[in-house]
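Next come the chains, spelled out residue by residue.
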Amino acid sequence: MDRIRVVGGQPLHGIIRISGAKNAALPLMIASLLTDETLTLENVPRLADVNMLVRILGNHGVDYTLKGKRPGEELQSGQTVDLRAEHIVDTTAPYDLVSRMRASFWVIAPLLARMGACKVSLPGGCAIGTRPVDFLLMVLERLGATIAIENGYAIAKAPRGLRGAEISFPKVTVGGTHTALMAAALADGRTTVLNAAREPEIVDLADCLNKMGARITGAGTETIEIDGVAKLHGARHSVLPDRIEAGTYAMAVAMTGGDVMLEGARADLLSGAFEALQQAGARLDASDEGLRVRRNGNGISPVDISTAPFPGFPTDLQAQFMALMTRASGASRITETIFENRFMHVGELSRFGAKIRLDGDAAIVDGVPKLQGAPVMATDLRASVSLVIAALAAEGETMVNRVYHLDRGFEHLEHKLGQCGAVVERISGHG
Ligand SMILES: CC(=O)N[C@H]1[C@@H](OP(=O)(O)OP(=O)(O)OC[C@H]2O[C@@H](n3ccc(=O)[nH]c3=O)[C@H](O)[C@@H]2O)O[C@H](CO)[C@@H](O)[C@@H]1O
Ligand SMILES: C=C(OP(=O)(O)O)C(=O)O
């Protein structure tokens, strides 16, 4: 297993190209199961989760072609992939594949909609809470499927196809909304989704499904309407830029100081994190090129945040913001409202000398004047990168272990930070 070594203390200066969003690419790839024609996706990030999903889709019979690099393309340009589910040869998604990644459970919606039956292992994913799938199963039942849970698998059946219905989520759910879009796209009649997730990745999936012939309106609002169609066709779609990656590097610059252009980042997608970064003392300037982030001279101000569904402060940036607040000139309160166990980074940040205590669903961070490098390890993706942010500002050397979490969601992290002056290197083959 690889490790990442960071020597802190360098401000970041330069350009970081923002990749396609992991959390958009995954449902878009899964949507390829809805048609027997080719779905071409551009700007797909090179990530372990993408590779894992390719294996899962391949198991169902999806042909996958990765286009070679074009003249003039750099390492950091996203890849273009063709996905063709002409023949679905297997409607079972087995435990050993699905247990490694939460989003892989979402194959249940297109498999059921197109094939009328499927068997999907209950999911795994980041260890950030219990993460049930009851709302996702509720969606399929509302659309007329029968669901049984047997030996750790969800067995879904809809032999006469799915029927449009009204679906009202008791709580905003991204995965539940993706499931509703994909299942209802091929259902008979109209589906209305109430209290839908408004995340940009939902809008991206709806846009792509509409290019494939679906009839979806209202994505990005609380109410989405889907008029089912008999068949979807192939399409070409470019994955939207990763707002979590952009927010993470913006927080890294706010932490170290410096001046970085986040090429391709979209300020409108950063939502609550944009204001929080400004209040913390970073200067953000949006342009056609991307988002320029600067912190020169002034210190880091303490800011209270509370995570919330889009357009609130994203839970996927909570750990990174906590890392930033460890160096603030005062106390901040960070409240996590989405996942009940998303504070695994608190203990690891303390290894740098950070002062953090937990108070129910909140962490109180007392900013300290300096952090010191340490050996650290995280158990989930965003927690891991929060340790890199702390390491960039810490005195001396940090060794981040279990880098495979980072490789799930951050493309070429050490290269992107390294070209902005950070001292970051990957050490291959260690636990
Ligand atoms: C691959 C992907 O896109 N993952 C993102 C997705 O995860 P994911 O789609 O799993 O998260 P959800 O939005 O569904 O979860 C929101 C809340 O609803 C609860 N819930 C969800 C489904 C369900 O059936 N029952 C239930 O109780 C969850 O436990 C959580 O408390 O959105 C999260 C919230 O923005 C992000 O942190 C994840 O990075
Ligand atoms: C929690 C995340 O991923 P997943 O939903 O796949 O566990 C994430 O992207 O931060």
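Residues numbered from 1 in each chain as written. Chains lettered and ligands numbered in written order. Predicted model: local features only at pLDDT ≥ 70, side-chain atom pairs only at ≥ 80, totals over all residues. Heavy atoms only, no water.

Identification of the protein chain as UDP-N-acetylglucosamine 1-carboxyvinyltransferase from Lichenibacterium minor is taken from an unreviewed UniProt entry. What UniProt records for the protein chain under Function (unreviewed entry) is the sentence "Cell wall formation. Adds enolpyruvyl to UDP-N-acetylglucosamine." UniProt annotates the protein chain under Pathway (unreviewed entry) with the comment "Cell wall biogenesis; peptidoglycan biosynthesis." (UniProt positions renumbered as here; feature names shortened; annotations may be inferred.)

(A) Expanded view of the UniProt feature "binding site: UDP-N-acetyl-alpha-D-glucosamine" (unreviewed entry) in the protein chain. Taking the UniProt record as the reference, the feature "binding site: UDP-N-acetyl-alpha-D-glucosamine" (unreviewed entry) is found at Arg102, Asp316 and Ile338. Among the residues examined, Asp316 registers a relative accessible area of 16% and is labelled buried. If near-sequence neighbours (up to four positions away) are discounted, Asp316 is found in contact with Asn23, Ile244, Arg342 and Arg382. Its place among the elements puts Ile338 in the loop between strand 19 (331-335) and helix 12 (345-350). (Buried < 20%, exposed > 50% of the residue type's maximum accessible area, 1.4 Å probe, protein only. Contact = heavy atoms within 4.5 Å. Helix = DSSP H or I, 4+ residues; strand = E, 2+ residues; numbered from the N terminus.)

(B) View of the pattern of salt bridges. Within the structure shown, the criterion is met by 24 salt bridges. Residue Asp285 pairs with Arg283 through a salt bridge whose shortest N-O separation is 3.3 Å. Look at Asp285 and you get partly exposed, because its relative accessible area is 27%. A residue is classified by how much of its surface remains accessible, and Arg283, at 48% relative accessible area, is partly exposed. If you follow the salt bridges from partner to partner, you end up with Asp2, Asp407, Glu414 and Arg426 in one network. (Salt bridge = Lys/Arg side-chain N within 4 Å of Asp/Glu carboxyl O.)

(C) Looking closely at helix 2 (residues 48-60). Taking 1.5 Å of rise per residue, the 13 residues of helix 2 would be expected to cover 18 Å, and the 19 Å separating its terminal C-alpha atoms lies within 8% of that figure. Those residues of helix 2 not exposed but buried are Asp49, Val50, Met52, Leu53, Val54, Ile56, Leu57 and His60. Positioned one or two residues after helix 2, Gly61 has a phi angle of 110°, which is positive. (Expected span 1.5 Å × (residues − 1).)

(D) Structural context of the domain arrangement of the protein chain. The domain architecture assigned to the protein chain consists of domain 1 (3-19 + 241-427) and domain 2 (22-238). Taking only C-alpha atoms into account, the centre of domain 1 sits 30 Å from that of domain 2. The interface is formed by 28 residues belonging to domain 1 together with 22 residues belonging to domain 2. When the two sides are added together, the surface that domain 1 and domain 2 hide from each other amounts to roughly 2,300 Å², 52% of it contributed by carbon and sulfur. The largest per-residue losses of area from domain 1 upon contact with domain 2 belong to Phe310, Arg408 and Glu411, which jointly make up 29% of the total buried on that side. Our count for the domain 1 to domain 2 interface comes out at three salt bridges. The residue Asp49 makes a salt bridge to Arg408 at a minimum N-O spacing of 2.8 Å. At the boundary of domain 1 with domain 2, the tally comes to seven residue pairs in polar contact (both at pLDDT 80 or more). Breaking the side of domain 1 that touches domain 2 down by element, the ones donating at least two residues are helix 13 (381-393), helix 14 (404-409) and helix 15 (413-418). The element best represented in the side of domain 1 that touches domain 2 is helix 14, accounting for three residues. Classifying every residue of the side of domain 1 that touches domain 2 by side-chain character gives nine nonpolar, seven polar and 12 charged. (Domains from an automatic or database assignment. Buried area = accessible area lost by both parts, 1.4 Å probe. Polar contact = N/O pair within 3.5 Å; in protein donor to acceptor, adjacent residues only side chain to side chain. Nonpolar A, V, L, I, M, F, W, Y, C, P; charged D, E, K, R; others polar.)

(E) Structural context of the site of ligand 1. The immediate surroundings of ligand 1 are formed by 20 residues, with Asp134, Thr173, Val174, Asp316 and Ile338 found nearest. Within the backbone of Phe135, a nitrogen or oxygen atom sits 2.7 Å from an oxygen atom of ligand 1. Within the side chain of Thr173, one N or O atom sits 2.7 Å away from an oxygen atom of ligand 1. Here ligand 1 has 740 Å² of accessible area as a free molecule, and 91% of this is covered by the chains. Here the shell around ligand 1 is built from residues that sort into 10 nonpolar, four polar and six charged. The residues that make up the shell around ligand 1 include at least three from each of domain 1 (3-19 + 241-427) and domain 2 (22-238). (Near = heavy atom within 4 Å. Areas by Shrake-Rupley, 256 points an atom, 1.4 Å probe, with all protein chains shown as cover.)

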